[in-house]
Amino acid sequence: MDEVRNPFVPGAGTRPPELAGRQDILKTADVAIQRVLAGRGSQSQMLLGLRGVGKTVLLNKIEEIALSHGHKTSFIEAPEERRLVDLLYPRMHQVLRQLSGVAAAKAKTVAALRALRSFASVFKVEYGEFAFGVDAEGGVADSGNLEYDLADMFVRIGEAGQAAGSAWTLLIDEVQYLQEKELAAIIVAIHRTNQKGLPVLFFGAGLPQIAALSGEAKSYAERLFIYPSVDALPEQAATEAIEQPINDEGEVIEPLALMAIVQKTKGYPYFLQEWGFQAWNAAAQSPITEADVVRAAEAALNRLDEGFFKVRFDRLTPKERDYVIAMAKLGAGPYRSSDVAEILGEKLTALGPRRATIIAKGMIYSPSHGDIAFTVPMFDEYLKRHWMV
Ligand SMILES: Nc1ncnc2c1ncn2[C@@H]1O[C@H](COP(=O)(O)OP(=O)(O)O)[C@@H](O)[C@H]1O
Ligand SMILES: [Mg+2]
């Protein structure tokens, strides 16, 4: 069928033609976004899920909702190797610049910009050319302790937002790459603005294992946040994700073909897009049949292997590869670390550091103590296809 009209969009963070099965998460976000504007307590969210389930797409959608309600927004992808403050700083500056246009918020914005200036200098943020036009304020956001100073900053921005009749929504993707103290500081800062009834909201997304928090941050995080798990789509939603875009193009897919795609992909959004895309191209004309899906299989798997799986595997060292291949030998997982050690013929303790670096690279995570699992759905099958001859 006409490849130009193919509605499917396999990719990272690409808006799907049909955002299926996520109404609950979006509804909850929408309510929180509106409540915070009304000065009411609202819960921030941390979306947790494997790679390719649609977390980034959801964050983008939530940002859109926030903008539609008049929030100022900042979207950050957590840096794997850089400090959070370096990315956060220009975003905070930008939000304050936007708010400074509102006459009623002038004084509060200036106060926040002064605090930001202190913040930038105490954390040695490079802020290059642009001038502040305000002096730093002593004693605010300048302790050098990220938890205190970020809370000061969020409060100042919240006050400026409130004065402007607006709000600030901060969205951070790939939260697992934040350092523990960075995540803790964000949580403490959100707790503070929440306590003061200030309009600041946070939406994060990351792999299921997010830094094990301790102390205050931990107890706040438990009460302040909700943690929707973003998973494979249930059958009904997975079916819609494929059928609706095809129908919207005025074309049809046969029920057996639909079932085959849902079954092959197990409802994982990234895989749905890839299989939908290839099935459309494989079909000579509408309706798309089961035979078309069978013919699309090779292209779909090739594209997934090259574009989705291999890029993750390529980041591992040879020793790390041995480790994940040993995991795949045990089936689909989750796996006991001790079973992996046994397959490799090594001591569990000796493998600890290797396991830790693979976790740090975001390839595996620990769903519960002593267990590990792949962060990429169906990764064991990929390894079987290519690395276990
Ligand atoms: N609810 C959904 N229904 C259909 N396709 C989706 C859905 N959510 C995401 N996708 C598709 O899945 C792919 C991966 O989405 P992405 O947001 O990058 O996942 P993640 O951030 O969890 O790795 C994209 O091609 C996107 O269009
Ligand atoms: Mg993502």
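This text follows the structure it describes.
Residues numbered from 1 in each chain as written. Chains lettered and ligands numbered in written order. Predicted model: local features only at pLDDT ≥ 70, side-chain atom pairs only at ≥ 80, totals over all residues. Heavy atoms only, no water.

Give me the lowdown on helix H3 (residues 84–99), citing residues and values where you can.
Over its 16 residues, H3 extends 23 Å from the first C-alpha to the last, a length consistent with the 22 Å expected when each residue adds 1.5 Å. Turning to H3, its buried residues number three or more, namely Leu 84, Val 85, Leu 87, Leu 88, Tyr 89, Met 92, His 93, Val 95, Leu 96 and Leu 99. Those residues of H3 hidden inside the fold are in contact with strand E2 (72–77), helix H4 (106–122), helix H5 (146–163), strand E3 (168–173) and helix H6 (180–195). (Helix = DSSP H or I, 4+ residues; strand = E, 2+ residues; numbered from the N terminus. Expected span 1.5 Å × (residues − 1). Buried < 20%, exposed > 50% of the residue type's maximum accessible area, 1.4 Å probe, protein only. Contact = heavy atoms within 4.5 Å.)

Go over the site of ligand 1, please, and point to the residues and values.
Taken together, 24 residues surround ligand 1, and among them Gly 13, Thr 14, Gly 52, Lys 55 and Thr 56 come closest. Here an oxygen atom of ligand 1 sits 2.5 Å away from a polar atom, N or O, in the main chain of Gly 13. Take Gly 54: an N or O atom from its main chain is 3.0 Å from an oxygen atom of ligand 1. Alone, ligand 1 offers 570 Å² of accessible surface; in the complex the protein occludes 95% of this. Of all the secondary-structure elements, those providing two or more residues to the shell around ligand 1 are helix H2 (55–68) and helix H10 (269–282). Split by domain, the shell around ligand 1 shows at least three residues from each of two domains, domain 1 (23–226) and domain 2 (233–312). (Near = heavy atom within 4 Å. Polar contact = N/O pair within 3.5 Å; in protein donor to acceptor, adjacent residues only side chain to side chain. Areas by Shrake-Rupley, 256 points an atom, 1.4 Å probe, with all protein chains shown as cover. Domains from an automatic or database assignment.)

For the pairing of strand E8 (residues 371–374), give the residues involved together with the corresponding values.
When a strand is regular, its side chains alternate between the sheet's two faces. Neither face of E8 is open: one carries Asp 371 and Ala 373, the other Ile 372 and Phe 374, and all of them are buried. Sheet analysis places strand E6 (residues 335–336) next to E8, joined by 2 bridges and oriented antiparallel. Bridging across to E8, Arg 336 finds its partner in Asp 371. Where strand E7 (residues 364–365) hands over to E8, the hairpin turn is made up of 5 residues, of which Gly 370 adopts a positive phi near 85 degrees. (Pairing = 2+ DSSP bridges.)

Give me the sheet that holds strand E4 (residues 200–206): which residues, what numbers.
The parallel open sheet is built from 5 strands, whose spatial order is E2-E3-E4-E1-E5. This sheet does not close on itself; its edge strands, each paired only once, are E2 and strand E5 (225–226). The sheet contact formed by strand E1 (residues 44–48) and E5 spans 2 bridges and is parallel. Pairing of Ser 44 across the sheet is with Phe 225, part of E5. Running over the sheet, helix H1 (residues 23–37) touches E1, E4 and E5 and is turned about 155 degrees from E4. Sitting on the sheet, H6 touches E1, E3, E4 and E5, and the angle it makes with E4 is about 150 degrees. (Axes fitted to C-alpha atoms, helices over the stretch in contact; angles between N-to-C directions.)

Lay out the pairing of E3 in plain terms, naming residues and giving numbers.
For E3, the tally of buried residues reaches 6 of 6 residues, placing the bulk of the element in the interior. Neither face of E3 is left uncovered, since the one carrying Trp 168, Leu 170 and Ile 172 and the one carrying Thr 169, Leu 171 and Asp 173 both have all their residues buried. Where E3 lies against E4, 5 bridges are found, and the strand directions are parallel. Following the sheet pairing, Trp 168 is matched in E4 by Val 200.

Everything listed here is a matter of geometry and, on its own, says nothing about what the molecule does.
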